[in-house]
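The residues making up each chain are set out below.
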Amino acid sequence: MLPSPRVLLSIDFEPWFALTRRYDKLENSVERRNLDGGFTLQAIDPILEKLGSSKISFYLVGEIADWYPEIPQKIIKAGHELGLHCQIHRSLVGMDELASDIRASASWVKDYGVRGYRAPMVGMSEAAYSLLEESGFVYSSSIYAPAGTLLQKGKVWEIPVSTLRWRRGKGTYIAPRQFTWGLLLGGEYPYGSSLSIGLMGKTILGILENELKKGFSPVLFMHPYEIVRPPHWVSRIWRDVVSHPLLWPFTWNKAEFLAAVLRNFPVSPIGTYLDDALNVRAKV
Ligand SMILES: [Zn+2]
């Protein structure tokens, strides 16, 4: 039994340059704040406005809460779920690096009663689940698997970003699980990623409709710079896109896609869905 179907919409709320991996080179938080140039603060109100009365999950890069404490406050005040994306946006698969990253955000995670985690680059390691459990997280949404998949790692639930299987047969899914070309060639398409939304937004609206009809609740993620265009966007990112063409679909404006999702489907935060799923299970 699954809870009532809805789109589990999430925004990985990060600076525009997280996309271009410039985090890897900038060691200093003040430098990073300067490079953000106030974009994250400028983006939050228009995004909240576009969401209207719909409630979703925001996974926040923790140092943004240090730069602009009003951002997590605005998210909570508007009734959305606040989760952690990581403290500093880097690929965090090493145990020590991940542990210090989670420690760095511990105080605001506690202050805001954060329960959910989305790994940067949707890259999760085995060790991460026990670290999340120790830090009091209830769930993660940090792997890819078909909608309707709900996995348990110790006391931490994993609610994957959605993929579509177009081959028959029941797959078995375990966490962690990296999305590879092998999975893609094996017939699994990660339609929940913002890359896919950029490439084929209209098709994804059709997939969402079908998934909901089947009773599933698909998990999608987007980024603030895909909904509100950063100032001087083209001049800021063209060099990165030329050297990494796969970044291109991430730079497209997806505000229309967001509006279409909100207009056509029920949405809810991932944490709310988890509570509903566990209630349904408890009743069976
Ligand atoms: Zn990210």
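What you see is a predicted model, and the numbers here were worked out from it, not measured in a lab.

Visitor: Tell me what's going on with unusual backbone geometry, and back it up with residues and numbers.
Guide: In this chain, Ala 175 is followed by Pro 176 through a cis amide linkage whose omega measures -5°. Although it is not a glycine, His 232 sits at a positive phi angle of roughly 55°. Within the secondary structure layout, His 232 lies in the loop between strand E11 (219-222) and helix H10 (233-243).

Visitor: I'd love a proper account of the sheet that holds strand E9 (residues 161-165), names of residues and values included.
Guide: Across the sheet, 3 strands lie side by side as E6-E9-E10; this open sheet has mixed pairing. One side of each edge strand has no neighbouring strand; the edge strands of this open sheet are strand E6 (144-146) and strand E10 (188-189). Inspection of the sheet shows E9 paired to E10 by 2 bridges, in the antiparallel sense. When the bridges of E10 are listed, Leu 164 appears paired with Tyr 189.

Visitor: Give me the packing of helix H5 (residues 95-104) against helix H7 (residues 126-134): which residues, what numbers.
Guide: Contact geometry of H5 with H7 gives a least axis separation of 10 Å together with a crossing angle of 30°. Taken together, the axis directions place H5 and H7 in an arrangement best described as roughly parallel. Crossing geometry of H5 relative to H7 is assigned as right-handed. Between H5 and H7, the contacting residues are Met 95, Leu 98, Ala 99 and Ile 102 on the first element and Ala 127, Ala 128 and Leu 131 on the second.

Visitor: Could you give me a rundown of helix H2 (residues 39-51), with the residues and numbers involved?
Guide: In this model, H2 (13 residues) spans 18 Å end to end at C-alpha, consistent with the 18 Å of a helix rising 1.5 Å per residue. Taken together, the buried positions of H2 are Phe 39, Thr 40, Ala 43, Ile 44, Ile 47 and Leu 51. At its buried positions, H2 is contacted by strand E1 (8-13), helix H1 (29-36), helix H3 (62-67), helix H4 (70-77) and helix H11 (255-264). Positive backbone phi, at 55°, marks Gly 52, one or two positions downstream of H2.

Visitor: Give a detailed account of H4, specifying residues and quantitative values.
Guide: Within the span of H4, buried status applies to Ile 71, Pro 72 and Ile 75. Projected onto a plane normal to the axis of H4, the buried residues spread over an arc of 95° and lie on a single side.

Visitor: Can you break down the pairing of E1 residue by residue, with the values?
Guide: Burial analysis of E1 places 6 of its 6 residues in the buried class, which makes it a mostly covered element. By the alternation rule, side chains of E1 split into Leu 8, Ser 10 and Asp 12 and Leu 9, Ile 11 and Phe 13, which are all buried. Two strands pair when backbone bridges link them, and E1 and E11 are joined in this way by 4 bridges, in the parallel orientation. For Leu 9, the partnering residue across the bridge sits in E11 and is Leu 220. Of the pairings in the sheet, the one linking E1 to strand E2 (residues 57-61) comprises 4 bridges and is parallel in character. Along E2, the bridge assignment pairs Ile 11 with Phe 58.

So, how was this worked out
- By convention here, each chain's residues receive numbers from 1 onward along its written sequence.
- The predicted origin of the model limits local features to residues at a pLDDT of at least 70 and limits the giving and counting of side-chain atom pairs to 80 or more, whereas totals for whole chains, interfaces and linings rest on all residues.
- Strands are runs of DSSP state E lasting at least two residues, helices are runs of H or I lasting at least four, and both sets are numbered from the N terminus onward.
- The pairing criterion for strands is at least two bridges between them, as found by DSSP.
- Axis lines are fitted to C-alpha atoms, over the contacting stretch for helices. Their N-to-C directions set the angle, which ranges from 0 to 180 degrees.
- Note that the term roughly parallel is reserved for angles under 35 degrees, roughly antiparallel for angles over 145, roughly perpendicular for angles of 65 to 115, and oblique for everything else.
- Crossings are assigned a handedness: left-handed for a near helix turned anticlockwise from the far helix by less than a right angle, right-handed for a clockwise turn.
- By the convention adopted here, residues are in contact when the distance between their C-beta atoms, placed from the backbone, does not exceed 7 Å.
- The span one expects for a helix is its residue count, reduced by one, times 1.5 Å.
- Residues with at least 20 other C-beta atoms within 10 Å of their own are called buried, those with 12 or fewer are called exposed, and the rest are partly exposed. The C-beta atoms themselves are positioned from the backbone.
- What the arc measures is the spread of directions leading from the helix axis to the C-beta atoms.

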